[in-house]
Amino acid sequence: MKVIDKIRAAAGAGDANGNGGDSCSNNKVVFSFEFFPPKTDDGVDNLFERMDRMVSHNPSFCDITWGAGGSTADLTLDIANKMQNIICVETMMHLTCTNMPVEKIDHALETIKSNGIQNVLALRGDPPHGQDKFVKHIRSKHGDYFGITVAGYPEAHPDVIGSDGFATPEDYHKDLAYLKQKVDAGADLIVTQLFYDTDIFLKFVNDCRQIGISCPIVPGIMPINNYKGFIRMTGFCKTKVPAEVTAALEPIKDNEEAVRAYGIHLGTEMCKKILAHGIKTLHLYTLNMEKSALAILMNLGLIEESKITRPLPWRPPTNVFRVKEDVRPIFWANRPKSYLTRTIGWDQYPHGRWGDSRNPSYGALSDYQFMRPRARGKKLLDEWAAPLKSVEDIYEKFKVYCLGKLKSSPWSELDGLQPETKIINEQLGKINLKGFLTINSQPAVNGEKSDSPSVGWGGPGGYVYQKAYLEFFCSKDKLNALVEKCKSFPSVTYIAVNKGGSWISNVALTDVNAVTWGVFPAKEIIQPTVVDPTSFSVWKDEAFEIWSRGWASLYPEGDPSRTLLEEVQSSYFLVSLVDNDYIHGDIFAVFADL
């Protein structure tokens with residue numbers, strides 16, 4: 001989706017009132033984050049982990065800056081692709097034509113278009129092929145497909161700011177006129193360079209309106225994280241620093257914590273003043289750090305750490321090719337990035353889902369499914385690589401994870417337990433000690449309000465429902481006992497399969513069971529997760545492979561612990577269990593006396 005469309009939707013009648021999208025009739029504030037490509041592999045891993053946490057607060061979009069050439073430019077393309085398709089956030093990619101052949105520009109545009117990205121920030125071009133020509137080029141090649149953003153300079157472009165720190169009135173108005181040319185050439189949106197004098201920004205917006213620039217103008221806010229970085233950045237951009245800011249920073253410049261706290265305070269006050277003038281868009285230059293940006297948003301009441309809203313139980317993709325997707329098999333609930341990479345090549349979602357479940361087009365398993373950021377690899381090593389003398393040691397490891405005493409699991413890409421798991425974690429701990437090793441679960445829910453902090457999704461005003469679900473590994477003997485016990489529980493359905501593909505089930509292979517649904521005002525019933533036997537047969541290969549590549553690989557070749565895990569992998573069954581009585585059922589009663 002284009003960022004301009006998101007801003008207009010949030011603004012409601014703002015445009016119609018002549019406010020150019022700056023004003024929000026329903027008082028909804030649109031905020032966004034900017035990141036830059038790190039220089040190291042570790043830095044990229046850390047960025048994606050940080051970005052994942054920040055995106056959980058539902059920014060309207062995130063952007064990634066453009067590398068000046070070579071591998072850095074390629075890295076920008078790769079990061080933008082993963083942001084849009086794996087992190088699932090609306091992505092805007094910076095693109096500059098400075099010293100860039102037109103073929104390289106066109107390649108970048110075609111690449112991001114093929115990956116479902118619709119937004120670019122068209123940056124400065126060398127004279128005489130300036131930014132307005134760049135915007136015209138994108139429009140001529142791609143029509144209205146892209147939402148195009150351009151840069152605005154509240155104090156004029158740094159190139160025309162003199163040694164006294166000011167642009168002449170003539171140069172300032174020339175810069176404004178050039179900005180209008182860019183908008184007239186087809187730009188939808190303006191994002192400003194950083195500033196610390198809010199009055200200068202507000203005057204800039206008014207001056208833009210006076211010369212007929214009517215598109216939204218988004219203020220770029222850069223929190224002060226450390227003094228040296230602040231001096232370097234403001235010097236490079238020739239940004240005016242108000243005397244009161246300098247006076248506040250000078251006594252504390254060697255105290256990084258104090259500088260950061262002041263930066264949060266200053267950023268908060270700047271944003272409050274901007275919002276009070278009816279401008280309801282904020283773009284935060286994060287410098288790849290999260291604490292200051294999130295603290296400012298929390299101070300403004302725009303986010304709450306304890307209340308992260310979910311439009312669906314899983315994060316919806318922003319890729320334009322997947323906008324109709326509204327249902328997934330539940331099996332990848334804890335590995336959403338793996339699911340997305342395995343389905344990235346699907347051409348269409350004709351009914352808002354993957355199509356005919358009897359003919360799934362999942363990609364084959366690849367190394368990506370088992371690669372993990374180095375920080376996460378270290379956490380797994382610390383928490384899961386203890387010596388294992390018997391299967392009871394494996395049971396214990398699963399139990400302590402379910403009780404929240406471990407933050408990582410080889411079967412999860414998430415950090416710790418999901419909130420709804422904590423509702424049933426004591427029961428999960430007990431069945432894990434019995435040898436039913438759970439990797440996925442959800443409690444039964446009957447008409448909980450959709451803004452519930454533990455199980456809610458879909459926004460306020462609705463009610464959510466779900467069937468109790470457990471997914472676990474167990475031995476063949478335990479599975480036989482479980483199957484026999486299920487005969488006394490007619491509401492329980494199960495599917496079980498081992499690594500070799502042997503099936504035991506009381507449902508047909510073509511059955512699809514909705515296990516989560518929601519009822520909302522003025523909407524059809526939404527069913528975002530299902531249990532589908534055909535998809536389960538695809539998922540089981542990944543689930544079993546994690547025993548060796550996710551856990552056993554933490555031990556040296558020939559280690560007894562590694563051998564034990566590989567024996568479990570080859571002999572156990574993976575079981576999906578659903579209690580279809582979401583009102584009176586008790587899925588844990590099935591495990592009594594087993």
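The structure reproduced in this document is the subject of the present report. (Residues numbered from 1 in each chain as written. Predicted model: local features only at pLDDT ≥ 70, side-chain atom pairs only at ≥ 80, totals over all residues. Heavy atoms only, no water.)

A negative phi angle characterises most non-glycine residues, just as the trans form characterises most peptide bonds. Notably, Ala156 is not glycine yet its phi reads approximately 85°, a positive angle. Its place among the elements puts Ala156 in the loop between strand S5 (147-152) and helix H6 (169-184). (Helix = DSSP H or I, 4+ residues; strand = E, 2+ residues; numbered from the N terminus.)

Further remarks concern the pairing of strand S2 (residues 61-64). On any regular strand, side chains alternate: one points to one face of the sheet, the next to the other face. Because side chains alternate across S2, one face comprises the buried residues Phe61 and Asp63, and the other comprises Cys62 and Ile64, equally buried. Relative to S2, strand S1 (residues 30-35) runs parallel, the two being bridged by 4 bridges. The residue of S2 that forms the bridge with Ser32 is Phe61. Handedness of the S1-helix H2 (residues 41-55)-S2 crossover: right-handed. Inspection of the sheet shows S2 paired to strand S3 (residues 91-96) by 3 bridges, in the parallel sense. Considered in S3, the bridge of Ile64 is made with Met93. (Buried < 20%, exposed > 50% of the residue type's maximum accessible area, 1.4 Å probe, protein only. Pairing = 2+ DSSP bridges. Right-handed = clockwise from strand over helix to strand, strands pointing away.)

The subject of this paragraph is the side chain of Glu542. Along the chain, Glu542 turns up in helix H17 (residues 533-551). Within the local environment of Glu542, its side chain forms a polar contact with the side chain of Ser338, the two groups lying 2.5 Å apart. Once residues lying within four places of it in the same chain are set aside, the contact partners of Glu542 are Trp332, Arg335, Ser338, Arg342, Leu365, Gln369 and Phe370. (Polar contact = N/O pair within 3.5 Å; in protein donor to acceptor, adjacent residues only side chain to side chain. Contact = heavy atoms within 4.5 Å.)

Time to look at the environment of Lys272. Take Lys272: it is sitting in helix H10 (residues 256-276). A relative accessible area of 40% means that Lys272 is categorised as partly exposed.

Attention now moves to the sheet that holds strand S7 (residues 217-218). Read from one edge to the other, the open sheet built from 9 strands follows the order S7-S6-S5-S4-S3-S2-S1-S9-S8, with strand pairing classed as parallel. Of all the strands in the sheet, the pair left with one neighbour each is S7 and strand S8 (220-221). Note: S3 against strand S4 (residues 119-123), 5 bridges, orientation parallel. Bridge assignment links Met92 to a residue of S4, and that residue is Asn119. Running over the sheet, helix H4 (residues 102-114) touches S3 and S4 and is turned about 175° from S3. (Axes fitted to C-alpha atoms, helices over the stretch in contact; angles between N-to-C directions.)

Take the packing of aromatic side chains next. Throughout the structure, instances matching the rule amount to 29 aromatic pairs. Aromatic side chains Trp332 and Trp539 sit 5.4 Å apart centroid to centroid with 65° between the ring planes, which places their arrangement in the edge-to-face category. One end of the pair, Trp332, is in the loop between strand S10 (328-329) and helix H12 (336-342); the other, Trp539, is in helix H17, with 207 residues separating them in the sequence. Comparing Trp332 with Trp539 shows no difference in burial state: the two are buried. When the ring of Phe473 is compared with that of Phe544, the centres are 5.4 Å apart and the planes differ by 70°; the resulting orientation is edge-to-face. With Phe473 in strand S14 (residues 468-474) and Phe544 in helix H17, this residue pair connects regions lying 71 residues apart in the sequence. (Phe/Tyr/Trp six-rings, centres within 6.5 Å; stacked < 30°, edge-to-face > 60°.)

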